Amino acid sequence: MQHLPNFRPLIGMNLEQLREVAAQVGLKPFAGGQIARWLYEKRVTTIDEMTDLSLQARARLKEKYCIGLTAPKAQALSSDGTAKYLFEGAGGRDVEAVFIPDRDRATLCVSSQAGCRMGCKFCMTGRQGFHGQLTAAQIINQILSVPRSADLTNIVFMGMGEPMDNVDEVLRAIEILTAKWGMAWSPKRITVSSIGKLDGLQRLLRETSVHVALSIHSPFPSEREGLMPVQRAYPAVKVIEAMKDYDFTGQRRLSAEYIMWDGVNDDIRHAEALARLLKGVKCRVNLIRYHAIGGDFSGRPASREKMEAFRDRLNVLGVTATIRASRGEDIDAACGMLAGKSSPVQGGV
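Keep in mind it's a predicted model, so treat the numbers as computed, not measured.

**Overview of the environment of Arg 252**
Okay, so step 1: Among the secondary structure elements, Arg 252 is positioned in the loop between α9 (236-243) and β12 (254-260).
Okay, so step 2: Overall, the relative accessible area of 11% leaves Arg 252 in the buried class.
Okay, so step 3: Remark: the alpha-carbon pair of Arg 252 and Ala 309, spanning 57 residues in sequence, is separated by 28 Å.
Okay, so step 4: Contacts of Arg 252, omitting those with residues within four sequence positions, involve Leu 204, Leu 205, Thr 208, Ser 209, Val 210, His 211 and Asp 247.
Okay, so step 5: At 3.3 Å, the side chain of Arg 252 forms a polar contact with the backbone oxygen of Leu 205.
Okay, so step 6: Within the structure, Arg 252 has its side chain in polar contact with the backbone oxygen of Val 210 (distance 3.0 Å).

Okay, structure coming up:
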């Protein structure tokens, strides 16, 4: 697999764009659907494999276009089976995707930006600053180019970057994933994480049926602002209030992501305040152990006992809460640890 730099990639294009490509090479509009099937259903790696297009049409396509698939530049395998893959990113910074096998599930955590401009104090990606947006082609490439792509059951936009800060490309990638002419996935297999950037988030909720995960991390405004500067622009209470306009009682699920630090946000007072914040919206809470990233952020992970007490108090208050299992920490692939840096290969995948 090789992306040719002077040619435009076909992956990442939706049906309308592929019909335009077909017209450019002298084909009827329906040929756009044929190209889509070769890309997203049959997953060809060369234009020559599109055998229901004429030789002349394929030759004209190859003058300007390539499939656009690019293999990972490096990979690392965790002792728990999690695998991390390094892909070409933007602005001179690479990005990472994380494959997480779990019994009958195989989840891929994909990146949407190189770096991030949200500035969360506890996140390695945020420390890089922002280097560039990934295109829909780069997002879809992560999904199609990991070694066990055919085994994937779920996609989570929880890798590097804030997906709603790159909403156009993320929405196009989701369209490709879920459309009948594309990969035909159920939206129930896709979750998009966000700090609550409302303009993009509301578009996502209007235009798709995917699950949404909101990063909360503290129910108290001043405390959350100290962890997440975006609290000033997108207060958690305003974001949760906006969620009340959408239905999360059926197929779509809303969750709150809550990283826990020892002595910071792990006591019963925080649990009760979080339950009050979420009142009136159906939302489950995922409690996440903090994964230390070093540097000038001195937080320590909350104890298992504190996390269990927090979970139990939320459940008593009518808020479904679970403790998320940590995966891939030994290869810097766990929550908040992605940095777009090459890791030594620790095993085959």
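**With respect to unusual backbone geometry**
Okay, so step 1: Here the phi dihedral of Arg 43 falls at roughly 55 degrees; this positive angle occurs in a residue that is not glycine.
Okay, so step 2: According to the relative accessible area criterion, Arg 43 is partly exposed, its value standing at 30%.
Okay, so step 3: With a phi angle near 60 degrees, Ala 184 is a residue other than glycine that sits in the positive phi range.
Okay, so step 4: Take Ala 184: it is sitting in the loop between α6 (167-178) and β10 (190-194).

**Looking at the nonpolar core**
Side chains of a nonpolar character, in soluble globular proteins, are inclined to be buried together.
Okay, so step 1: The biggest cluster of nonpolar side chains holds 107 residues, and the ones touching the most others in it are Leu 10, Met 50, Phe 122, Phe 157, Leu 201, Met 243 and Val 285.
Okay, so step 2: At seven residues, α6 tops the list of elements feeding residues into this core.

**Here we look at the pattern of salt bridges**
Okay, so step 1: Evaluated as defined, the whole model comprises 20 salt bridges.
Okay, so step 2: Asp 52 is paired through a salt bridge with Arg 37; the nearest N and O atoms lie 2.9 Å apart. Highlighted residues: Asp 52 in the loop between α2 (30-41) and α3 (55-64) and Arg 37 in helix α2, separated in sequence by 15 residues.
Okay, so step 3: The partly exposed category is assigned to Asp 52, whose relative accessible area is 34%.
Okay, so step 4: Assessed through its relative accessible area of 28%, Arg 37 is described here as partly exposed.
Okay, so step 5: In this structure, the salt-bridge partner of Glu 207 is Arg 203, at a minimum N-O distance of 3.1 Å. Of this pair, Glu 207 and Arg 203 both sit in helix α7 (residues 198-207), four residues apart, roughly one helical turn.
Okay, so step 6: Here Glu 207 falls in the partly exposed class, since its relative accessible area comes to 47%.
Okay, so step 7: Accessibility expressed as a relative area gives 25% for Arg 203, which makes it partly exposed.

**Some words on the packing of aromatic side chains**
Geometry of an aromatic ring pair is reported as the spacing of the ring centres plus the angle between the planes.
Okay, so step 1: Under the defined criterion, the tally for this structure stands at four aromatic pairs.
Okay, so step 2: When the ring of Tyr 40 is compared with that of Trp 181, the centres are 6.3 Å apart and the planes differ by 55 degrees; the resulting orientation is tilted. With Tyr 40 in helix α2 and Trp 181 in the loop between α6 and β10, the pair connects residues that are 141 residues apart, well separated along the chain.
Okay, so step 3: Taking 5.7 Å as the distance between ring centres and 45 degrees as the angle between the ring planes, the aromatic pair formed by Trp 261 and Tyr 290 counts as tilted. Note that Trp 261 is positioned in the loop between β12 and α10 (268-277) and Tyr 290 in the loop between β13 (284-289) and α11 (304-316), a separation of 29 residues in sequence.

**Details of α6**
Okay, so step 1: Spanning twelve residues, α6 covers 16 Å between terminal C-alpha atoms, matching the ideal 16 Å at 1.5 Å per step.
Okay, so step 2: Within α6, burial applies to Val 167, Glu 169, Val 170, Leu 171, Ala 173, Ile 174, Ile 176 and Leu 177.
Okay, so step 3: Looking at the buried side of α6, the elements it contacts are α2, α5 (136-145), β9 (154-157), β10 and α7.

**Structural notes on the sheet that holds strand β11 (residues 211-215)**
Okay, so step 1: If you walk across this open sheet you meet the ten strands as β3-β4-β5-β6-β9-β10-β11-β12-β13-β14, and the pairing is mixed. Both outer strands of the open sheet, β3 (74-77) and β14 (321-323), are each paired with one neighbouring strand and no more. Strand-to-strand twist of the sheet, defined as the mean angle between neighbouring strand axes without regard to direction, takes the value 25 degrees.
Okay, so step 2: Looking at chain direction, strand β4 (residues 83-90) and strand β5 (residues 93-102) are connected through six bridges and run antiparallel. Note on β5: the bridge partner recorded for Lys 84 is Val 98.

**Some thoughts on the packing of α7 against α9**
Okay, so step 1: Packing of α7 against α9 brings their axes to within 11 Å, and their N-to-C directions diverge by 20 degrees. Relative to α9, the element α7 lies roughly parallel. As for how α7 packs across α9, the hand of that crossing is right-handed. Contacts between α7 and α9 involve Leu 198, Leu 201, Gln 202 and Leu 205 on the former and, on the latter, Lys 238, Val 239, Ala 242 and Met 243.
Okay, so step 2: Partitioning the contact of α7 with α9 into residue classes produces six nonpolar, one polar and one charged.

Conventions adopted
- Residues numbered from 1 in each chain as written.
- Predicted model: local features only at pLDDT ≥ 70, side-chain atom pairs only at ≥ 80, totals over all residues.
- Heavy atoms only, no water.
- Helix = DSSP H or I, 4+ residues; strand = E, 2+ residues; numbered from the N terminus.
- Buried < 20%, exposed > 50% of the residue type's maximum accessible area, 1.4 Å probe, protein only.
- Contact = heavy atoms within 4.5 Å.
- Polar contact = N/O pair within 3.5 Å; in protein donor to acceptor, adjacent residues only side chain to side chain.
- Core = buried A, V, L, I, M, F, W, Y, C linked by side-chain atoms within 4.5 Å.
- Salt bridge = Lys/Arg side-chain N within 4 Å of Asp/Glu carboxyl O.
- Phe/Tyr/Trp six-rings, centres within 6.5 Å; stacked < 30°, edge-to-face > 60°.
- Expected span 1.5 Å × (residues − 1).
- Pairing = 2+ DSSP bridges.
- Axes fitted to C-alpha atoms, helices over the stretch in contact; angles between N-to-C directions.
- Parallel < 35°, antiparallel > 145°, perpendicular 65-115°, else oblique.
- Left-handed = near helix turned anticlockwise from the far one by under 90°.
- Nonpolar A, V, L, I, M, F, W, Y, C, P; charged D, E, K, R; others polar.

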